[in-house]
Amino acid sequence: MKYIIVTGGVISGLGKGITASSIGRLLKSRGLNITAIKIDPYLNFDAGTLNPFEHGEVFVLDDGGEVDLDLGHYERFLDVSLTRDHNITTGKIYGAVIEKERVGHFLGKTVQIIPHITNEIKDRIRSVAHQSGADVCIIELGGTIGDIESMPYVEGMRQLHTEVGDENCIFVHTTLIPIVSAVGEQKTKPTQHSVKELRALGVQPDIIVARAEKTLDPATRKKISLFCDVPLEAVISAQNVKTIYEIPVIFDEQGLTTYLLNKMKMSPPDGGLSEWKDFIGKIKNPTRCVTICLIGKYMDLMDSYISHFEALKHAAAELETAVKFECIESEELEQEKMHKRMKNVNGILIPGGFGHRGIEGKIAAAKYARENDIPFLGVCLGFQVATIEFSRNTLNLEGANSSEFDPNTPHPVVDLLPEQRGVERKGATMRLGAQAVMVQSGTTAHRLYGVTEISERHRHRYEINPEYIDRIEAAGMKYTGRSPDGRRMEILEIPEKAFFVASQFHPEFKSRPRKPSRLHFGLVEAAVSHAEKKNR
Ligand code: GLN
């Protein structure tokens, strides 16, 4: 097993996840089997209880793991499906060590960070890597070198390197190269300092990936090479690009793949990146453009809805279309101003969410989409919102709501899942992960999926109340996807509309380059027709 460890210096948000994913993609293009692990040094057991404002979207895996959004990047770049064990947190590590101590595993010993915590870290990494059957395991260490909470991990990685040897363990350090505007010179000092910090912990990086606005100047590269003690060809420029999917290509052009393979003493056949480049070509050369409006409530942080943006890009690429995103904070959306805000919009997407804030704005947007026949996709909460809106305004069920937002509603058209009653604990207790959905023949969902049985990922506590289904369907909204026992509503459509579809599940989590989410594809396709009609 080869390990590639990606650390970050200077500041957070440098795109370590994209760097790790891109390296994985390059090695995959050489026919190697790649897996990836994300380490989050926080004490939470998993990402499930984190507000999206903290770290961005909570990504959901097939096995129901609620994990860091970087696992979404790994799945999209590597085209693999990961498990919850691929996200290691301090909560999991310490929890396991304390449990072992209670069982008597360390009887007589003082339990300490070194070696007990570091051993747990290494054991987990080894076991996940081996179970995945991969040739190379990429490990991304969250946070920034120097953070107190990531110290045990750096130490664990240092030990791993000593145990497996130079050619089996490569350190990639990502840093920032700022430009001080008046001079316009690329500054390497922060990189030097962060490498110094890393070395003080016993780790010498093999490769430096430098984030910069523009390509690194030859002089900058030389300086980094000299001061950080890495060969010139191991200083890699990660300049701004049009789409994140270009990163593997710019790395490859700088010789990173060859350098890595030599370092690891591997010589797989050259597979080439042509398929990947075809995909980028589709993104970069659109023949038309549509505007999709996303109505959420964590809009200050774009990472909160990252899988939706990526899914829309995957879909748009297949349709040779560019998507312009319009993001609206649902709390600010008022009925009266709706027309003005939606004037140039070709499609509306209401994503998932929790809690009462902003809900009326989303309901107003669903109404606007339905009444004005604007292509509409609702996901999870968006699916529930579409049902609430239809019940209020078509069935005239006054005050219809979800019992999540109004426990005393006279019409709880969305209600707690029966198995959720009495559930008090918040961690990992939702209906989670991949579940089968039966799709009714001859519907829009069936046209998009092409099959009648699908599997998609879930994350919810509430569902459509079965008591209202007959009435809703009689009024024209159809539930065209259901759980195999028929009890749970999974997809809804209004057949008389151009495109009005919503799902209880999250199709965005399984969207990949060249294999877009079918429902996001449907939305963009309908948005293209909407735009064409408008321009006629
Ligand atoms: N809050 C809703 C529920 O728990 C929707 C969840 C979501 O959108 N992920 O059912």
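Described in the following lines is the structure provided in the data block. (Residues numbered from 1 in each chain as written. Predicted model: local features only at pLDDT ≥ 70, side-chain atom pairs only at ≥ 80, totals over all residues. Heavy atoms only, no water.)

Quick notes on the overall build of the protein
Right, on to step 1. Along the protein, the regular secondary structure elements total 18 helices and 23 strands.
Right, on to step 2. For 536 residues, the compact-globule estimate of 2.2 N^0.38 gives 24 Å, and the C-alpha radius of gyration of the protein, at 25 Å, lies within 12% of that figure.
Right, on to step 3. By residue count, 57% of the 536 residues in the protein fall in the buried class.
Right, on to step 4. At a minimum sequence separation of 6, the contacts of the protein that also span at least 24 residues come to 73%.
Right, on to step 5. Surface exposure of the protein reaches about 22100 Å², of which carbon and sulfur atoms provide 49%. (Helix = DSSP H or I, 4+ residues; strand = E, 2+ residues; numbered from the N terminus. Rg over C-alpha atoms; globule rule 2.2 N^0.38 Å. Buried < 20%, exposed > 50% of the residue type's maximum accessible area, 1.4 Å probe, protein only. Contact = heavy atoms within 4.5 Å. Areas by Shrake-Rupley, 256 points an atom, 1.4 Å probe, with all protein chains shown as cover.)

Focus: the sheet that holds strand E7 (residues 169-176)
Right, on to step 1. Strand order in this open sheet of 7 strands is E5-E2-E6-E1-E7-E10-E11, and the pairing throughout is parallel. Two strands lie at the open edges of the sheet, namely strand E5 (87-89) and strand E11 (235-239), each paired on one side alone. Recorded for the sheet is a direction-independent mean angle of 20° between the axes of neighbouring strands.
Right, on to step 2. Packed onto the sheet, helix H1 (residues 16-28) meets strand E1 (2-8), strand E2 (34-40), strand E6 (136-141), E7 and strand E10 (207-212) and runs at close to 170° relative to E6.
Right, on to step 3. Against the sheet, helix H10 (residues 256-263) touches E1, E7, E10 and E11, its axis set at about 155° to E10. (Pairing = 2+ DSSP bridges. Axes fitted to C-alpha atoms, helices over the stretch in contact; angles between N-to-C directions.)

Digging into the layout of surface pockets
Rolled over the atoms, a probe sized like a water molecule indicates the empty space that remains.
Right, on to step 1. Counted as a void, the second largest pocket has a volume near 670 Å³.
Right, on to step 2. What lines the second largest pocket is a set of 31 residues, among which Tyr298, Gly353, Phe354, Met430 and Arg459 lie closest to the centre.
Right, on to step 3. A breakdown of the residues in the lining of the second largest pocket according to their chemical character gives 14 nonpolar, 11 polar and 6 charged. (1 Å grid on protein atoms, 1.4 Å probe; cavity = no way out; pocket = protein on both sides within 12 Å on 5 of 7 lines; lining within 4 Å. Points joined across faces, edges and corners; volume = space filled by probe spheres on them. Nonpolar A, V, L, I, M, F, W, Y, C, P; charged D, E, K, R; others polar.)

Points about the pairing of strand E17 (residues 412-416)
Within a regular strand, side chains alternate between the sheet's two faces.
Right, on to step 1. Of all 5 residues making up E17, 5 are buried, and the element is well covered by its neighbours.
Right, on to step 2. Relative to E17, strand E16 (residues 401-402) is paired through 2 bridges, and the arrangement is parallel. Bridge pairing in E17 places Asn401 opposite Pro412.
Right, on to step 3. The sheet contact formed by E17 and strand E20 (residues 462-464) spans 3 bridges and is antiparallel. Each residue of the ladder has a partner; that of Val414, found in E20, is Ile464.

Thoughts on the pattern of salt bridges
Right, on to step 1. Taken as a whole, this structure holds 36 salt bridges when the rule is applied.
Right, on to step 2. Measuring nitrogen to oxygen at the nearest pair gives 2.7 Å for the salt bridge that ties Glu101 to Arg102.
Right, on to step 3. Since its relative accessible area comes to 31%, Glu101 is described here as partly exposed.
Right, on to step 4. Of the charged contacts in the structure, one is a salt bridge between Arg488 and Glu419, with a shortest N-O distance of 2.9 Å. In this pair, Arg488 is assigned in the loop between strand E21 (478-482) and strand E22 (489-493) and Glu419 in the loop between E17 and strand E18 (431-439), connecting sequence segments 69 residues apart. (Salt bridge = Lys/Arg side-chain N within 4 Å of Asp/Glu carboxyl O.)

Considerations on the site of the ligand
Right, on to step 1. Lining the immediate environment of the ligand, one finds Gly352, Gly353, Phe354, Cys380, Leu381, Gln384, Glu404, Arg459, His460, Arg461, Tyr462 and His506.
Right, on to step 2. Between an oxygen atom of the ligand and a side-chain N or O atom of Gln384, the distance comes to 3.0 Å.
Right, on to step 3. For the ligand, the protein covers 99% of the area, taking 300 Å² as the surface of the free molecule.
Right, on to step 4. A molecule is said to occupy a pocket when more than half its atoms come within 2 Å of that pocket's grid points, and by this definition the ligand occupies the second largest pocket.
Right, on to step 5. Of all the secondary-structure elements, those providing two or more residues to the shell around the ligand are helix H15 (381-393) and strand E19 (453-460).
Right, on to step 6. Here the shell around the ligand is composed, by residue class, of 4 nonpolar, 5 polar and 3 charged. (Near = heavy atom within 4 Å. Polar contact = N/O pair within 3.5 Å; in protein donor to acceptor, adjacent residues only side chain to side chain. Sits in = over half its atoms within 2 Å of the grid points.)

Regarding the side chain of Gln384
Right, on to step 1. Tracing the backbone shows Gln384 in helix H15.
Right, on to step 2. Setting aside its immediate chain neighbours within four residues, Gln384 contacts Glu404, Val414, Tyr462, Glu463, Ile464 and Gln504.

Let's talk about the nonpolar core
Right, on to step 1. In this structure, Ile4, Ile23, Leu27, Ile138, Ile207 and Phe251 are the most contacted members of the largest nonpolar core, which totals 57 residues.
Right, on to step 2. Discounting residues that sit within four places of it in the chain, Ile23 has contacts with Ile4, Ile138, Val172, Phe251, Leu256 and Leu260.
Right, on to step 3. Of all hydrophobic cores here, the second largest spans 42 residues; its members include Cys293, Ile328, Tyr368 and Leu381. (Core = buried A, V, L, I, M, F, W, Y, C linked by side-chain atoms within 4.5 Å.)

A look at empty space enclosed by the protein
Right, on to step 1. Taken as a whole and assessed by the stated rule, the structure comprises 1 cavity of 30 Å³ or more.
Right, on to step 2. Lining the largest cavity, in full, are Tyr42, Ala47, Leu50, His55, Gly56, Glu57, Val58 and Asp68.
Right, on to step 3. Broken down by class, the residue content of the lining of the largest cavity amounts to 4 nonpolar, 2 polar and 2 charged.

Notes on the sheet that holds E16
Right, on to step 1. Taking strand neighbours across the sheet as the criterion, the 3 strands line up as E16-E17-E20 in an open arrangement whose pairing is mixed. Unpaired on one side and paired on the other, E16 and E20 mark the two borders of the sheet.

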